[in-house]
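# Structure at a glance
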Amino acid sequence: QVQLVESGGGLVQAGGSLRLSCAASGRTFSNYAMGWFRQAPGKEREFVAAISSGGGRTYYGDSVKGRFTISRDNAKNTVSLQMNSLKPEDTAVYYCAANYRIGVLLTRPSEYDYWGQGTQVTVSS
């Protein structure tokens, strides 16, 4: 089992940048596929980015491709989301997610077993 704690959210102007971090507990973090999702009020949870257990493969949602970068540090049990060129439509609660799967990319919420509590990102115009 793994516990996830997100940090790094906040208020930023359009065009700015934020870096989200997710700290994971447990000794086998390197065996977990990780992902970031977001949910705006009244909308369904949306896939943002995924990274494979070893970090060699990444995948992004169309709305963030070219602006966001997911990375992980298995030695520190962390996964990060660097968000650049932020837009007001990026405003949402951002969630970190994990599942014990080696070498794959997971892009649907139903594929993840563990979730953080979320961190709010607000982009002003």
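Rules used throughout
Residues numbered from 1 in each chain as written. Predicted model: local features only at pLDDT ≥ 70, side-chain atom pairs only at ≥ 80, totals over all residues. Heavy atoms only, no water. Helix = DSSP H or I, 4+ residues; strand = E, 2+ residues; numbered from the N terminus. Buried < 20%, exposed > 50% of the residue type's maximum accessible area, 1.4 Å probe, protein only. Contact = heavy atoms within 4.5 Å. Polar contact = N/O pair within 3.5 Å; in protein donor to acceptor, adjacent residues only side chain to side chain. Phe/Tyr/Trp six-rings, centres within 6.5 Å; stacked < 30°, edge-to-face > 60°. Lys NZ or Arg CZ within 6 Å of the ring centre and 35° of its normal.

### Quick look at unusual backbone geometry
Phi angles above zero are rare outside glycine, and Asn77 is one such case at about 55°. Along the chain, Asn77 turns up in the loop between β7 (68-73) and β8 (78-83). Judged by its relative accessible area of 16%, Asn77 is buried. Phi at Ser85 is positive, roughly 50°, even though this residue is not glycine.

### A look at the environment of Tyr60
With respect to the secondary-structure elements, Tyr60 resides in strand β6 (residues 58-60). Residue Tyr60 is classed as buried on the basis of its relative accessible area of 14%. Note: C-alpha distance between Tyr60 and Val12 (48 residues apart in sequence) is 22 Å. Setting aside anything within four residues of it in sequence, one finds Tyr60 in contact with Phe47, Val48, Ala49, Lys65, Phe68, Thr69 and Ile70. At 2.9 Å, the side chain of Tyr60 and the backbone nitrogen of Ile70 are in polar contact.

### Some remarks on the packing of aromatic side chains
The full count for this structure, using the stated rule, is eight aromatic pairs. Considering the side-chain rings of Tyr32 and Tyr100, the 5.2 Å spacing of their centres and the 90° angle between planes classify their relative orientation as edge-to-face. Of the two residues, Tyr32 is situated in the loop between β3 (18-24) and β4 (33-39) and Tyr100 in the loop between β9 (92-99) and β10 (114-115); the sequence distance between them amounts to 68 residues. Here Phe37 and Tyr112 contribute two aromatic rings whose centre-to-centre distance is 5.4 Å and whose plane-to-plane angle is 80°, an arrangement assigned as edge-to-face. Pair noted here: Phe37 is in strand β4 and Tyr112 is in the loop between β9 and β10, with a separation of 75 residues, a long-range link. One exposure class covers both Phe37 and Tyr112, and it is buried. Pairwise contacts between aromatic rings join Phe37, Phe47, Tyr59, Tyr95, Tyr112 and Trp115 into one cluster. Stacked on the ring of Trp115, the Lys or Arg Arg45 has its end atom at 4.7 Å from the ring centre. The residue whose ring lies beneath Arg72 is Phe29, and the NZ or CZ to ring-centre distance is 4.5 Å.

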